[in-house]
Structures are given as structure tokens and as C-alpha cells.
Amino acid sequence: MTLCAVKSQLASGETARPGQAFFWLVSLLFSSLIWFTTATLIGNKDEPREKYLLIFGVLISVLIQEMFRFAYYKLLKKASEGLKIINPYEKAPSMRLLAYVSGLGFGIMSGVFSFVNTLSDSLGPGTVGIHGDPPQFFLNSAFMTLVITLLHVFWGIVFFDGCEKKKWYTLLVVLLSHLLVSALTLISPHYGLNLVLAYVIMVLMGVWAFFVSGGSCRSLKLCLLCQDKDFLLFNQRAR
Amino acid sequence: MLTFMASDSEEEVCDERTSLMSAESPTPRSCQDGRQALEDGESAAQWRSQESEEDREEEDPDRYVCSGVPGRPPGLEEELTLKYGAKHVIMLFVPVTLCMIVVVATIKSVRFYTEKNGQLIYTPFSEDTPSVGQRLLNSVLNTLIMISVIVTMTIFLVVLYKYRCYKFIHGWLIMSSLMLLFLFTYIYLGEVLKTYNVAMDYPTLFLTVWNFGAVGMVCIHWKGPLVLQQAYLIMISALMALVFIKYLPEWSAWVILGAISVYAAMVWTVGMAKLDPSSQGALQLPYDPEMEEDSYDSFGEPSYPDVFEPPLPGYPGEELEEEEERGVKLGLGDFIFYSVLVGKAAATGSGDWNTTLACFVAILIGLCLTLLLLAVFKKALPALPISITFGLIFYFSTDNLVRPFMDTLASHQLYI
């Protein structure tokens, strides 16, 4: 019986990942649509206008992404309630697991879309920064992609927890930190500041997500010293 | 060129026909499914949920496509449908993803499959016309011809089946799989070797192709490990998809994809409308017990298992697990058309990976949705329409809207 429960939990957890990836894709589609229509409507393409248009596009995109994250939360909630009605004896998949998986889906999709073209160009012939641009373009892209992916995972966990416990300020904090990270990338030639701040935000979000998922200093100590006998992801015991 | 061209489009139809045969069992219910699927006549889109096939354990044990099927207590049906639906989704993702990976990897590296080198006889109108209207018209005409060829071949095969010309069908299948496993593999291997500038002498080449092809024939038409059989089915689907990508002209390919999914949906709707549960004898092909036995005898060994069967792991000792019979079946035509869509996105996306990935995710999500509908309706469903629709929508929108946006963002190193 427990084997069944674990497997069905895994199964529904694993299908959450491509679902969230799809939702991210749709959000990207909508934000590109808005950017594109605005660009066509505005018309002439002088340099500062294009930059402002891009900033506008970035902000709209962040907003739409968070909206879609919320929409996916609602969808998952409805689905697990439906499952509970059909199978009352079956343990429903834990919302924490779903939060983690959906954050991961978002993060993977976002990271891959940002980075894969750069990656494929890096194989080709060329010199980085030949016109005076910084030569650490690829390194910066790689680190930035990593931090964005991890941030999406932590944001997902914190966001879903906030929705579950009806702490709406959590959603606002997630949205604002996402906007902050994206806005920081606007100062792009100064990589150092950009990256360091993003990593600081990531560590803070990570710590918050850890405490939100039920971790504590004691459990961390037990885990690091390998004294925790029940170290399983599916363990629902309150620590 | 002409002979293997002839087997190209028939291949899907052949797959469809024999998928019906391999699914047949002595029970009237599955036969009814089979007949209904037969009537749908859709080459590329039949799909059966095996979750309600209780009586399969009487099957010939050699038919490893239906391995391990004990009976199941009736009351657990709905619960298990929902519980195990997700697992089947995951298990279908793997072969579909593998096929797409093979096709995309080949398209991106081997230049042969993106070069224009003539067209199939089924798409006679050329797209090298000066005006857009003319080009559109030509692609629509090409699509009409292709669809009518598919319909003709389907009707031909149905007629053959009805008049019990099983030997003819069997021979046709063997010939087309021979063609795929030997000739197409030889061409593919030649092109790959050319791309990587690897020299191979004829004796080695002969040995390689012979071994590959012979083992493939044995695995597909006779007995072999399930995983190996599935690997070969993936390979031949990928080869077929590559042929389509190479020989179908640009716009015709997209219109054909759209038309095939519309056709699949239409045929399924018509089949559903005609199927009247109260009068089982009133199906287009009356259920003929003698025909049933005949087909069972002449295909004592497993017939062409062109449906894809995800291997289900065995769980010893858990009573509740035993009803994990066989999972869902996905026709080879579906694999082929999914891979054609993703391959075309990879070929024409101007070196852009975002489009390819977007189409890939869209197709997988379409597959998820179709499986969900399958679990809800418990009837055979066409696998093409939803996935291909999503794939097409995402291809065109990503190529035209998302790509400029992401490119601009990446060049300014902005992250969203």
C-alpha cells in the first residue's frame, strides 16, 4: 500500500514538471506578443527607445511569469482536490513536493531558453569581445543562468507555501525580488555587482525556502552529521 | 526510387493495419475496439487503452507485446486509471523523446537531410514559384494529393483484410521493413560517415548493415527482447521521419501536418458517431468469428508489433500492482509525425534551438492531455490532433514572436 502511495505521488510530482515548463512557455509567449505589438505600434527604432521598450518587455514578462505561477498553483490545487474526492484513502501528493517540482520546471525552462542559443554559438568559430566588449560573456551567462534556475526553485517553494497559508505578502516579496534580479541585469556590463547581488538574493531565498519547507537548524545539523535516519524527501513527519 | 517511395506513405497505413491485428484477441470487446479502429482507418492516429482488457491472459505467451496480463477485480478500474495514468505518461515520454532526439541530432549535424534534392511523387507541385499565392496553392494541392493517397491505401488495406488476403499484407509488411532496415539504414550510415569524414570499407559496411538489419527483422517480426524491439521501432520511425523531412517541401510539410491531424480528428469523430453500443452487430465490418479464428491462426506468432509498448516493471508480491497490464499503446505513425514536426522546426529555425525546444514541450504536453482524455473517456483516441495543434501553434509563434525577443534579451544580457 505504501509502495502504491509513494509511486503515485512520484508520478503526479513528475508530471508537474513538464506542466509548469509549459506554463512558463505560454507566459513567455504572451510577454513576447506584448513586446512585439508594442514595438510595431511605436514604429521607429532609435537606440534609446529600443532600450526602453526592452525594459518594458522585461518587466511585463516578469509580471506575467508570476501570474502564470499563480495560475499553475490554482490548477494543481484543483487537481489534488479532485484526486482526494476520488481516492479518499489515498495520500494526496504533498504540496511541498509539487512546489519544488514546479519551481524546477519553471527554472529549467527559463534557464534553457536563456542559455541554449548562447551555448550553441560558443561552439562556433569566433572571438569573444573582439569589439571591446567584455570577454567573460559566456561565463557571465552561465553563472546567471544557474542563479536564475535556483532562484525559480526557491521562489516556487516560497510562493506555493504563501498561497497555502494565505500569506499574500509572500507573493509580493517573490514578485519584487524577481523584478529586482531582472532589473539588476540591466546594468549588464558591470558583471561583478550584478552577479554578486543575484547570488546574495539567491542565498537569502534559499534560506527562507528551507525554513518554509519545515527545515530547522537542528535538522540541518542532523543531516550534515549523517545522523538523520529518515532522510527521505517524502517523509511528512513534522520535524 | 519509385519502389521505396511507394512504401513510404503506405508504411503508416501498414503500421495502422497491423496494429489492429496485433491488438486482436479472442474477446469480443477488444475486437470491437479493433473494428472501430479499423473503421477509423486513420493511418497515424490510433491508440488503445489496455486498461480494460481483462481477458488477455489467454494470449499466446509468445506474444510478448501482451506479456504479464493477469485478470483484475472489476471495482478497482477507475481508481487505477487515474492512479496509473501519470505513470504511463512518463513511460511514453521516454520513447517519444528518444525518437525526437535522434531526428534533431541528425538534422543538426548531417547536412544531407536539409538539402533539397527533389520531391516525392506524392507532392508533385513545386514550391519554387515567384508569388506567395501560387506557393500556397501548390502546397495545398500537394497536401490534398498526399491525404488522398493515404485514404486510398487505407481503403485498399481494409479491403485486403476483409477478403482475408493476410499473406499479401504480411508480405507487404516484411518488404517495407526490409526496405527500412537495410536500404534506408545504408543511406543514413553513408551520410553520417560522410559528415564526420570517416572512411569505412565495403566489407565492414556490409557486415554492419547486415547485422543491424537481420537482428531488426528478427526482433520485429519474431521474438526478441522487448527493449531491443522498441529500440528498433524508434530507429525506423526516426528514419521515416527523416525521409519526410528531406523530401517534403517547406510549406507542404506544415500544411500536411495540419491536414493529417484534422483528418485524424474527423475520422475519429465519425467513428464515434457510427459506433452504436446497443447494436454491436451493426458495425461496418460485422464481427465474424471465423475470421477471428483465422487471423489468430495465421498469426500464431506475434504480428508486426508496430505499436509501441512501454515496458512495465514487474512488482513482485504486491497484489494491487498486478493489474498494471500493458499500459497504453502509441502507433508508429504518431512517432513519425511528432518527429517530423520537431525535425522541421530544427531544420528551418535558422539555427535556433528555442523553437525546437518549444515544439518539443508543446508536443509532450499535448501527449499528456491526450492521455488524460484517454483515462477519462476510456476509448481509443487519436494521438495526433492535440499534440500537432500545440506543436504548430508553438512553432509559428515562437519563430515569429519569441525568437526576436529572446535574441534581443540575450544580446543585451538581460534575464527575465
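Residues numbered from 1 in each chain as written. Chains lettered and ligands numbered in written order. Predicted model: local features only at pLDDT ≥ 70, side-chain atom pairs only at ≥ 80, totals over all residues. Heavy atoms only, no water.

## A few points about a nonpolar patch on the surface
Residue and element names in this part refer to chain A.
(1) Moving on: Judged by side-chain polarity, Leu139, Phe143 and Leu146 come together as a nonpolar surface patch covering roughly 290 Å² of accessible area.
(2) Moving on: Relative to the helices and strands, Phe143 resides in helix α4 (residues 137-164).
(3) Moving on: Given a relative accessible area of 40%, Phe143 falls into the partly exposed group. (Patch = residues over 30% accessible without salt bridge, like charges linked within 9 Å, V, L, I, M, F, W, Y side chains within 5 Å. Areas by Shrake-Rupley, 256 points an atom, 1.4 Å probe, with all protein chains shown as cover. Salt bridge = Lys/Arg side-chain N within 4 Å of Asp/Glu carboxyl O. Helix = DSSP H or I, 4+ residues; strand = E, 2+ residues; numbered from the N terminus. Buried < 20%, exposed > 50% of the residue type's maximum accessible area, 1.4 Å probe, protein only.)

## What about the packing of helix α6 (residues 202-221) of chain B against helix α7 (residues 226-247) of chain B?
All names here are of chain B.
(1) Moving on: Contact pair α6 / α7: the axes reach a minimum separation of 9 Å and the direction vectors enclose 115°. For α6 against α7, the interelement crossing comes out left-handed. For the pair α6 and α7, the contacting residues are Asn211, Phe212, Val215, Gly216, Cys219 and Ile220 in the first and Leu228, Gln229, Tyr232, Leu233, Met235 and Ile236 in the second.
(2) Moving on: Here the residues of the contact of α6 with α7 are counted per class, giving nine nonpolar, three polar and no charged. (Axes fitted to C-alpha atoms, helices over the stretch in contact; angles between N-to-C directions. Left-handed = near helix turned anticlockwise from the far one by under 90°. Contact = heavy atoms within 4.5 Å. Nonpolar A, V, L, I, M, F, W, Y, C, P; charged D, E, K, R; others polar.)

## Considering the confidence of the model for chain A
(1) Moving on: Averaged over chain A, the pLDDT score is 82; the fraction of residues at 70 or greater is 87%.
(2) Moving on: Low pLDDT (under 50) marks residues 1-11 of chain A, which in the prediction has 24 contacts with non-local residues, meaning those over four places away or in another chain. (pLDDT = per-residue confidence, 0-100.)

## Concerning the nonpolar core
(1) Moving on: Ranked by size, the top nonpolar core spans 80 residues in total, and within it Val96, Phe244, Tyr338, Leu341 and Ile388 of chain B carry the most contacts.
(2) Moving on: With 63 residues, the next largest nonpolar core counts Tyr73, Leu97, Phe160 and Val174 of chain A among its residues. (Core = buried A, V, L, I, M, F, W, Y, C linked by side-chain atoms within 4.5 Å.)

## Topic: the packing of aromatic side chains
(1) Moving on: Summed over all chains, the structure comprises 24 aromatic pairs over all chains.
(2) Moving on: Aromatic side chains Phe70 of chain A and Phe159 of chain A sit 6.4 Å apart centroid to centroid with 70° between the ring planes, which places their arrangement in the edge-to-face category. On the criterion of sequence distance, the pair formed by Phe70 of chain A in helix α2 (residues 47-86) and Phe159 of chain A in helix α4 is long-range, its members being 89 residues apart.
(3) Moving on: Aromatic pair Phe168 of chain B and Trp172 of chain B: ring centres 5.9 Å apart, planes at 85°, arrangement edge-to-face. One end of the pair is Phe168 of chain B and the other is Trp172 of chain B, both in helix α5 (residues 166-195) and four residues apart, which spans about a single turn.
(4) Moving on: An aromatic cluster of at least three residues, connected via ring pairs, comprises Phe23, Phe30, Phe68 and Tyr72 of chain A.
(5) Moving on: One residue, Lys246 of chain B, lies across the ring of Phe112 of chain B, its end atom 4.0 Å from the ring centre.
(6) Moving on: Taking the ring centre of Tyr247 of chain B as reference, the NZ or CZ of Lys246 of chain B above it sits at 5.6 Å. (Phe/Tyr/Trp six-rings, centres within 6.5 Å; stacked < 30°, edge-to-face > 60°. Lys NZ or Arg CZ within 6 Å of the ring centre and 35° of its normal.)

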